[in-house]
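Chains, contacts and geometry: an overview
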Amino acid sequence: MSRFFKLTELEPYVPGEQPANVDQLIKLNTNENPYPPSPRALAAINEEELKKLRLYPSLDAKGLMEAIAVHYGVSTRQICICNSSDETLAFMYHGLCPEGAVFADLTYGFYPVFCHMFGIPYEEIPLREDFTLAVEDYAGKKGTVFITNPNAPTGLFLPLSEIRRLLEQDPNRLVVVDEAYIDFGGETAVPLLKEYDNLLITQTFSKSRALAGGRLGFVIGSEELANDMNTLKYSFNPYNVNRVTMLMGEQAMRDEDYFNKTRTAVMENREWTRQQLCELGFTVTDSRSNFLFAAAPGMSGKEYYAALRDRGILVRYFDKPRTKAYCRITIGTREQMEALLEATRDILKGV
Ligand code: PMP
């Protein structure tokens with residue numbers, strides 16, 4: 001640390017490994033989509049478009065905004081696009097937490113990092129023993145509530161009736177629903193926006209639209225909240241989404257067939273893998289995400305992680321008291337999941 005650094009206590013978020021020899025590994029550690037982006041998204045990029053990179057991107061992002069608005073049945077005035085949902089979240093923690101923040105003890109690990117970064121007081125509410133979130137535990141809490149739905153790393157989905165209860169606990173408290181994984185079997189809270197103006201939803205193109213490397217996220221909320229998000233964005237980096245990503249994102253959003261085909265394949269692979277792991281004696285949560293949260297019989301998450309790594313398969317484990325038995329396994333193609341199971345059977349022989 002240099003003597004000029006101000007945030008001396010800051011501990012940055014630790015992302016999942018991105019190894020250089022990725023082609024030699026089965027990479028199931030960062031919840032990326034195993035399938036490529038939509039062919040329509042790929043076709044949107046050509047030399048003419050690349051030459052336009054000399055220009056700043058369009059500020060109104062008309063095509064992309066309209067594609068999102070049509071898909072969700074909202075007005076473009078309710079949307080703000082950003083460079084990833086990590087960025088939408090950063091803006092929210094910076095500017096939309098007037099009384100601090102409240103979130104689960106087991107959820108997206110970036111939330112407390114944002115709080116430290118922006119000096120936001122926060123409270124972590126423990127999930128119940130079975131990793132479910134009890135809405136009554138949030139009653140009377142004043143800070144902006146952040147709910148990852150489905151949750152990470154557990155994959156558990158909180159029904160909209162429960163989100164509704166959270167919103168009704170205090171109409172003057174903002175509830176942010178982080179729907180990074182919503183398209184793999186959850187149900188979006190967007191329809192609730194018609195009834196509640198204390199709701200803000202953040203989504204990403206990184207998972208179900210297979211554009212993690214493009215960095216594209218967005219929020220949907222009331223026009224006032226979308227305006228606030230734009231104020232934050234225009235006070236930081238108005239051109240936060242690059243031209244290439246904007247074009248690809250628009251087509252990825254419009255290509256409903258490809259979206260449905262690939263997310264269905266991921267969900268089918270998830271259910272198949274879950275069943276196989278259960279048969280091998282694993283404890284596996286009922287994930288509605290593109291990953292499984294699974295505890296191997298007779299070994300810790302760290303041991304299972306290391307044994308898989310020795311066999312060229314990368315997953316993620318979280319060495320915390322409540323999660324140390326588990327690994328988070330991203331759902332890949334059927335071939336990748338078959339390889340995971342073969343390696344797992346081999347590992348279990350030695351236990
Ligand atoms: N929210 C959750 C719950 C996540 O797991 C992730 C991905 N790690 C993000 C947001 C951020 O996604 P991105 O920045 O790629 O849009």
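Quick summary incoming for the structure in this document.

Quick notes on the rules
- Along each chain, residue indices are assigned from 1 in the same order as the chain's sequence is written.
- Owing to the predicted nature of the model, reporting of local features is limited to residues with pLDDT of at least 70; listing and counting of side-chain atom pairs is limited to 80 or more, with chain, interface and lining totals taken over all residues.
- Based on all heavy atoms of the structure, the side-chain values leave hydrogens and waters out of the count.
- Only strands joined by at least two bridges in the DSSP assignment are considered to pair.
- To qualify as a helix, a DSSP run of H or I must reach at least 4 residues; to qualify as a strand, a run of E must reach at least 2; elements of each kind are numbered from the N terminus.
- Whether two residues are in contact is decided by their heavy atoms, any of which lying within 4.5 Å being enough.
- The convention used is that axes are lines fitted to C-alpha atoms, helices contributing only their stretch in contact, and that angles between N-to-C directions extend from 0 to 180 degrees.
- Counted as salt bridges are all cases of a side-chain nitrogen of Lys or Arg within 4 Å of a carboxyl oxygen of Asp or Glu.
- In this scheme, a residue with accessible area under 20% of its type's maximum is buried, one over 50% is exposed, and one in between is partly exposed, where area comes from a 1.4 Å probe on protein chains only.
- Near is defined per residue: the residue qualifies when any heavy atom it owns lies within 4 Å of the molecule or strand.
- Polar contacts, as counted here, are pairs of nitrogen or oxygen atoms within 3.5 Å of one another; within protein the pair requires one atom able to donate a hydrogen and one able to accept it, and residues that are adjacent in sequence qualify only if both atoms are side-chain atoms.
- Areas reported here follow the Shrake-Rupley algorithm with a probe of radius 1.4 Å; residue values treat only the protein chains shown as occluding.
- The scheme is simple: roughly parallel for angles under 35 degrees, roughly antiparallel for over 145, roughly perpendicular for 65 to 115, oblique for anything else.
- Note on convention: near helix rotated counterclockwise from far helix by under a right angle means a left-handed crossing. Clockwise means right-handed.
- Residues are grouped as follows: Ala, Val, Leu, Ile, Met, Phe, Trp, Tyr, Cys and Pro are nonpolar; Asp, Glu, Lys and Arg are charged; every other residue, Gly included, is polar.

**Remarks on the sheet that holds strand β9 (residues 283-284)**
Reading across from one edge, β9-β10-β13-β12 is the order of the four strands in this open sheet, with antiparallel pairing throughout. Edge positions in the sheet fall to β9 and β12 (316-317), since each has one partner strand and no second. Sheet topology places β12 next to strand β13 (residues 326-330); two bridges connect them, and they run antiparallel. The residue bridging Tyr-317 from the neighbouring strand is Cys-327, located in β13. Against the sheet, helix α9 (residues 256-279) makes contact with β9, β10 (291-295) and β13, and its axis sits at roughly 5 degrees relative to β10, the strand it touches most.

**Looking at the pattern of salt bridges**
In total, this model carries 21 salt bridges according to the counting rule given. Here Glu-17 ties to Arg-309 by a salt bridge, and the two come within 2.6 Å at their closest N and O atoms. Separated by 292 residues along the polypeptide, Glu-17 in the segment before β1 (26-27) and Arg-309 in helix α10 (residues 301-310) bring together distant segments of the chain. We classify Arg-309 as partly exposed; its relative accessible area is 29%. Between Lys-27 and Glu-32 there is a salt bridge whose closest N-O contact spans 2.8 Å.

**A closer look at the site of the ligand**
In the neighbourhood of the ligand, the contacting residues comprise Ser-84, Ser-85, Asp-86, Tyr-108, Thr-148, Asp-178, Ala-180, Tyr-181, Thr-204, Ser-206, Lys-207 and Arg-215. Contact distances for the ligand include 2.7 Å between an oxygen atom and a backbone N or O atom of Ser-85. At 2.9 Å from an oxygen atom of the ligand is found a side-chain nitrogen or oxygen belonging to Arg-215. In isolation the ligand has 400 Å² of accessible area, and contact with the protein removes 91% of it.

**Some points on the packing of helix α3 (residues 62-72) against helix α8 (residues 243-254)**
In the contact formed by α3 and α8, the axes pass within 8 Å of each other and the chain directions differ by 20 degrees. The angle between the axes of α3 and α8 places the two elements in the roughly parallel class. The crossing of α3 and α8 is left-handed. Along its contact with α3, which presents Gly-63, Leu-64, Glu-66, Ala-67, Ile-68, His-71 and Tyr-72, the element α8 presents Met-246, Gly-249, Glu-250, Met-253 and Arg-254. The residue makeup of the contact of α3 with α8, split by class, is six nonpolar, three polar and three charged.

**Here's the deal with the sheet that holds strand β5 (residues 144-148)**
Strands sit in the order β2-β8-β7-β6-β5-β3-β4 across an open sheet of seven strands; the sheet is mixed. Whereas interior strands pair on both sides, the edge strands pair on one side only; in this sheet they are β2 (79-82) and β4 (122-125). Going across the sheet, the axis of each strand differs from the next one's by a mean of 20 degrees, ignoring polarity. Taken together, the three bridges between strand β3 (residues 101-104) and β5 define a ladder with parallel strand orientation.

**Let's talk about the environment of Glu-223**
Looking at where Glu-223 falls in the secondary structure, it is placed in helix α7 (residues 223-234). On the basis of relative accessible area, Glu-223 is assigned to the partly exposed category, the value being 33%. Taking the C-alpha atoms as reference points, Glu-223 and Asp-197, 26 residues apart in sequence, are found 9.2 Å from one another. Excluding anything up to four places from it in sequence, Glu-223 contacts Ser-75, Arg-77 and Gln-78. Here Arg-77 takes part through its side chain, which lies 3.3 Å from a polar atom of the side chain of Glu-223.

**Focus: the packing of helix α4 (residues 85-95) against helix α5 (residues 110-118)**
Running from amino to carboxyl end, α4 crosses α5 at an angle of 45 degrees, the nearest separation of the two axes being 9 Å. Considering the angle they form, α4 stands oblique to α5. Our pair here, α4 against α5, has a crossing hand that is right-handed. Taken together, the residues of α5 that come into contact with α4 (itself represented by Asp-86, Leu-89, Ala-90, Tyr-93 and His-94) are Phe-110, Tyr-111, Phe-114, Cys-115 and Phe-118. Of the residues belonging to the contact of α4 with α5, the class tally is eight nonpolar, one polar and one charged.

**Remarks on the side chain of Thr-88**
With respect to the element layout, Thr-88 can be found in helix α4. The class of Thr-88 is buried, set by a relative accessible area of 0%. A distance of 2.9 Å separates a polar atom in the side chain of Thr-88 from the backbone oxygen of Ser-85. The residues touching Thr-88, leaving out its near neighbours within four places in the chain, are Cys-82, Thr-202, Gly-217, Phe-218, Val-219 and Met-229.

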